[in-house]
Amino acid sequence: MPAMEIGIDSFAILPQGTQLANTRQAAAERMAQLLTEIETADRVGLDSFGMGEHHRPEFLDSAPTLILAAAAARTKSIRLTSAVTVLGAADPVRVFQQFATLDLISNGRAEIVVGRGSSVEAFPLFGYSLTDYDDLFAEKLDLLLKVRDANSIEWSGRFRPALRGEGIYPRPLQERLPIWLGVGGTRQSFVRAGMLGLPLMLAVIGGRYEQFRPLVDLYREAGRRAGHPSETLRVGLHTVGFVAPTSKDAANIFYPGWAQMMSSVGRERGWSTPTRRDFDVMRSDKGTFLIGDPDEVTANLMRANDILGGLSRVTFQMSTASTDHEAMTDAITLLGEKVAPAIRSASA
């Protein structure tokens, strides 16, 4: 089995306390820092860097392929991916063209993670009804996969004008552009990924890894029944993570921004207000956060690998509004120089 890949996902969050008067300058500064962080991840040998997609005032990632293209010109080997592309509110043809272009710029390092999206602000923004949430994703995923496999297709659906053999260009450098299916906790999504033979990216923001194992098994079984070879049924994990020289430092640096972000999201979704005790439980061996010193993070990551039956890639969501650039750079360096080598050695 190939060694586990280690990467980072970012939501390009604006600094905490940014005022309206200086938002534009703060945004420009944060974008410059983000590109430097991606360069650092490439330099220390991490395998992937993913950009999320949000359409909210506190995030800068509404056009992730532009950020990834800028990063492609400044990096050499790290793979560049979305985290995730909200496919139900996008045009699959344009999504393919954008990532095919990114693949050419990066010399074959582009990937796509598509999902339905837990943040739904893109749907009204682009004129889609949330009542069609599931149908939009199913139809557009079908089209994206067909476009990936042929540059001219005949296709018709409910939500997009028909294609009648028009050419779709450019084509990527990679023979087959990698497309992962991002999932949360719905059985239908795991089965769909298995039936299609797509690699699975499991997004975990809470709970215990044990509760996700039956769903991962369901994915693998659906893929086996559909006739897909086991080596194509890759399982990735996206989870909250942060590394610092000591466990206490990691917790104290990351907690304030995490608490602010979760409180903001929680108010919209009816969640209870998070506490420091909740946070500490989630970063213990009873939770799913990979937050601590390098040895602690390595041990908890290998525990996740064992519980979920083998992971191909793990991506750390380590960006919050209060994590400053220097702390982020230090965390990326520790992840690349301490955690990743230990994980690759243990998982190979």
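Scroll up to find the structure this text is about.
Nothing here was measured: the structure is a model prediction, and the numbers come from that model.

Draft legend 1. Representation of the pattern of salt bridges in the model. Counted by the stated rule, this structure contains 22 salt bridges. When the shortest N-O distance is used, the salt bridge between Asp217 and Arg213 registers 2.8 Å. In this pair, Asp217 and Arg213 are both assigned in helix H7 (residues 213–225), four residues apart and thus about one turn of the helix distant. Shared partners join several salt bridges into a network, and the residues in it are Glu5, Arg79, Glu111, Arg234 and Arg313.

Draft legend 2. Main features of helix H10 (residues 294–307). If you check H10, its first and last C-alpha atoms are 20 Å apart, about what 14 residues at 1.5 Å a residue would give, namely 20 Å. H10 sits mainly inside the fold: 10 of its 14 residues count as buried. When H10 is considered as a whole, its buried residues turn out to be Pro294, Val297, Thr298, Asn300, Leu301, Met302, Arg303, Ala304, Asn305 and Ile307. Of the surrounding elements, those touching the buried residues of H10 are strand S1 (5–10), H7, strand S10 (235–243), strand S11 (290–292), strand S12 (313–317) and helix H11 (325–347). For H10, the side-chain oxygen to backbone nitrogen distance between the N-cap and Asp295 is 3.1 Å, and the N-cap itself is Asp293. In the stretch just after H10, Gly309 is the one whose phi turns positive, near 80°.

Draft legend 3. Inspection of the side chain of Ser106 at higher detail. Topologically, Ser106 is positioned in the loop between helix H3 (92–105) and strand S5 (110–115). Judged by relative accessible area, Ser106 falls into the buried class, the value being 2%.

Draft legend 4. Fine view of the environment of Tyr169. Checked against the element boundaries, Tyr169 lands in the loop between strand S7 (163–167) and strand S8 (179–183). Sequence separation between Tyr169 and Thr329 is 160 residues, and the spatial gap between their C-alpha atoms is 37 Å. Not counting chain neighbours up to four residues away, the residues in contact with Tyr169 comprise Gln97 and Asn151.

Draft legend 5. Spatial organisation of the nonpolar core. Judged by nonpolar contacts, the single largest core of 96 residues is most densely connected at Ile6, Leu46, Phe242, Phe316 and Met318. Sort the elements by how many residues they give to this core and H11 lands first, with nine residues. Residues within four places of Ile6 in sequence aside, it is in contact with Leu46, Asp47, Ser48, Leu301, Val314, Phe316, Leu335, Ala340 and Ile343. Among the nonpolar cores identified, the runner-up in size contains six residues, and Val86, Phe123, Leu136 and Phe159 belong to it.

Draft legend 6. Highlighting the pairing of strand S2 (residues 48–51). On S2, burial covers both faces: Ser48 and Gly50 on one face and Phe49 and Met51 on the other are all buried. As judged from the four bridges shared by S1 and S2, these two strands associate in the parallel manner. Residue Ser10 lies in a different strand from S2, and its bridge partner there is Met51. Sheet topology note: the S2/strand S3 (residues 79–82) ladder contains four bridges and is parallel.

Draft legend 7. Up close: the side chain of Gln174. Here Gln174 shows up in the loop between S7 and S8. The buried category is assigned to Gln174, whose relative accessible area is 17%. Only 2.9 Å separates the side chain of Gln174 from the side chain of Arg79, close enough to count as a polar contact. A polar contact of 2.8 Å, which involves the side chain of Gln174, links it to the backbone oxygen of Ala110.

Draft legend 8. A look at the packing of helix H1 (residues 23–43) against helix H2 (residues 64–72). The N-to-C vectors of H1 and H2 enclose an angle of 55°; their axes lie 10 Å apart at closest approach. Viewed along their axes, H1 and H2 adopt a mutual orientation that is oblique. Pair H1 / H2 crosses with right-handed handedness. Contacts between H1 and H2 pair Met31, Leu34, Leu35 and Ile38 from the former with Ile67, Ala70 and Ala71 from the latter. Within the contact of H1 with H2, the residues separate by chemical class into seven nonpolar, no polar and no charged.

Draft legend 9. Layout of the packing of aromatic side chains. Scanning all chains against the criterion turns up eight aromatic pairs. Ring centres of Phe242 and Phe254 lie 5.6 Å apart, and the angle between their planes is 35°; on these two criteria the pair is classed as tilted. Remark: Phe254 occurs in helix H8 (residues 247–269) and Phe242 occurs in strand S10; sequence separation between them is 12 residues. For the pair formed by Phe242 and Phe254, the shared burial category is buried. Note on Trp258 and Phe289: the rings are 5.7 Å apart at their centroids and 75° apart in plane angle, and the pair reads as edge-to-face. Separated by 31 residues along the polypeptide, Trp258 in helix H8 and Phe289 in the loop between helix H9 (276–282) and S11 bring together distant segments of the chain. Accessibility classification places Trp258 together with Phe289 in one group, the buried group. Taken together, Tyr255, Trp258, Phe279 and Phe289 form an aromatic cluster joined through their ring pairs. Above the face of the Tyr255 ring, Arg276 is positioned so that its terminal group lies 5.1 Å from the ring centre.

Draft legend 10. Up close: the packing of H1 against H11. Axis separation between H1 and H11 bottoms out at 9 Å; the angle between their running directions is 15°. With respect to each other, H1 and H11 are oriented roughly parallel. Where H1 crosses over H11, the handedness of that crossing is right-handed. Residues Gln33, Thr36, Glu37, Thr40, Ala41 and Arg43 of H1 form the contact with H11, whose participating residues are His325, Met328, Thr329, Ile332 and Thr333.

About the thresholds
Residues numbered from 1 in each chain as written. Predicted model: local features only at pLDDT ≥ 70, side-chain atom pairs only at ≥ 80, totals over all residues. Heavy atoms only, no water. Salt bridge = Lys/Arg side-chain N within 4 Å of Asp/Glu carboxyl O. Helix = DSSP H or I, 4+ residues; strand = E, 2+ residues; numbered from the N terminus. Expected span 1.5 Å × (residues − 1). Buried < 20%, exposed > 50% of the residue type's maximum accessible area, 1.4 Å probe, protein only. Contact = heavy atoms within 4.5 Å. Polar contact = N/O pair within 3.5 Å; in protein donor to acceptor, adjacent residues only side chain to side chain. Core = buried A, V, L, I, M, F, W, Y, C linked by side-chain atoms within 4.5 Å. Pairing = 2+ DSSP bridges. Axes fitted to C-alpha atoms, helices over the stretch in contact; angles between N-to-C directions. Parallel < 35°, antiparallel > 145°, perpendicular 65-115°, else oblique. Left-handed = near helix turned anticlockwise from the far one by under 90°. Nonpolar A, V, L, I, M, F, W, Y, C, P; charged D, E, K, R; others polar. Phe/Tyr/Trp six-rings, centres within 6.5 Å; stacked < 30°, edge-to-face > 60°. Lys NZ or Arg CZ within 6 Å of the ring centre and 35° of its normal.

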